[in-house]
Amino acid sequence: MTEKEIKKIVSETVDDLMEKKQIVQDGELTYRFMALRLQKHFNCFRNEKIDNAMRTILNDPYFETIPMFYRDNMTITAIAVTLCCDRATVTRNKKRLVLDLYNKCYEN
């Protein structure tokens, strides 16, 4: 079994445990968990749940912060310049969207 196959199995196992509410997260831990999932999603492990959740937030005015940060590896400052807003606005809305995606993926 390859390292990639093992990581995929572990990822699916964690997803399953979270769906069954056997792993409970809150606050900052939830945000960091989902941020890591998004990073993996955009870089190597596509996840259908995340794809579906992302479709539900496409119309959010700050949606682009997610792919800019996790896919394109842009800094908060670069995103703020691109979107013509300040860093605090980008940070606040990125966090809001990450937590929203978590809820759509794991709270249903």
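What you see as residue numbers is a count from 1 along each chain, following the sequence as written. Given that the model is predicted, a residue must reach a pLDDT of at least 70 before its local features are reported, and side-chain atom pairs must reach 80 or more before they are shown or counted; all residues, however, enter totals for whole chains, interfaces and linings. For the side-chain quantities, the full set of heavy atoms in the structure was used; hydrogens and water were omitted.

Draft legend 1. A look at the overall build of the protein. Along its length, the protein carries six helices and zero strands. Each helix and strand of the protein, placed in order from N terminus to C terminus, yields the pattern α-α-α-α-α-α. C-alpha atoms define the radius of gyration in this analysis, and the globule rule sets the expected value at 2.2 Å times the number of residues to the power 0.38. Relative to the globule expectation of 13 Å for 108 residues, the C-alpha radius of gyration of the protein, 14 Å, shows essentially globular dimensions. Dimensions along the principal axes, computed over C-alpha positions, put the protein at roughly 45 × 30 × 25 Å. Taken over 108 residues, the protein has a buried fraction of 35%. Restricting the contact set of the protein to residue pairs at least 6 apart, pairs at least 24 apart contribute 64%. What sets the accessible areas is the Shrake-Rupley method with a 1.4 Å probe; for residues, cover comes only from the shown protein chains. Accessible area for the protein stands at about 6800 Å²; split by element, carbon and sulfur atoms hold 55% of it. A positive count includes Lys and Arg, and a negative count includes Asp and Glu. His and the chain ends are not counted in either. All charge positions are set by atom: Lys at NZ, Arg at CZ, Asp at CG, Glu at CD. Of the side-chain charges in the protein, 18 are positive and 16 negative, and the distance between the mean point of each set is 2 Å. Secondary structure follows DSSP: runs of H or I at least 4 residues long count as helices, runs of E at least 2 residues long count as strands, and numbering of each begins at the N terminus. Per-residue accessibility, obtained with a 1.4 Å probe over protein chains only, is compared with the maximum for each type, and a residue is labelled buried under 20%, exposed over 50%, and partly exposed between these values. By the convention used here, residues are in contact when the closest approach between their heavy atoms is within 4.5 Å.

Draft legend 2. Representation of the environment of isoleucine 66. Tracing the chain through its elements places isoleucine 66 in helix H4 (residues 65-70). In this structure isoleucine 66 comes out as buried when scored by relative accessible area, which is 0%. Separated by 24 residues in the primary sequence, isoleucine 66 and phenylalanine 42 place their C-alpha atoms 9.8 Å from one another. Residues in contact with isoleucine 66, not counting those within four places in the same chain, are Leu38, Phe42, Met54, Arg71, Lys94, Leu97, Val98 and Leu101.

Draft legend 3. View of helix H5 (residues 76-83). Buried residues of H5: Ile76, Ile79 and Ala80, and no others. Summarising the axial view, the buried residues of H5 lie within an arc of 100 degrees, below the 170-degree limit, and thus occupy one face. Phi for cysteine 84, located one or two positions after H5, is positive at around 55 degrees. Think of it as the arc spanned by the lines of direction from the helix axis to the C-beta atoms.

Draft legend 4. Molecular detail of the pattern of salt bridges. A pair is scored as a salt bridge if a Lys or Arg side-chain nitrogen falls within 4 Å of a carboxyl oxygen belonging to Asp or Glu. A complete count under the given rule lists five salt bridges for this structure. The partner of lysine 7 in a salt bridge is glutamate 3, with the nearest N and O atoms 3.1 Å apart. One end of the pair is lysine 7 and the other is glutamate 3, both in helix H1 (residues 3-19) and four residues apart, which spans about a single turn. Overall, glutamate 3 belongs to the exposed group, its relative accessible area being 56%. Lysine 104 serves as the salt-bridge partner of aspartate 100, at 3.6 Å between the closest nitrogen and oxygen. Here aspartate 100 and its partner lysine 104 are both found in helix H6 (residues 87-106), four residues apart, which amounts to about one turn of the helix. Residue aspartate 100 is classed as partly exposed on the basis of its relative accessible area of 24%.

Just geometry here; none of it tells us what the structure is for.
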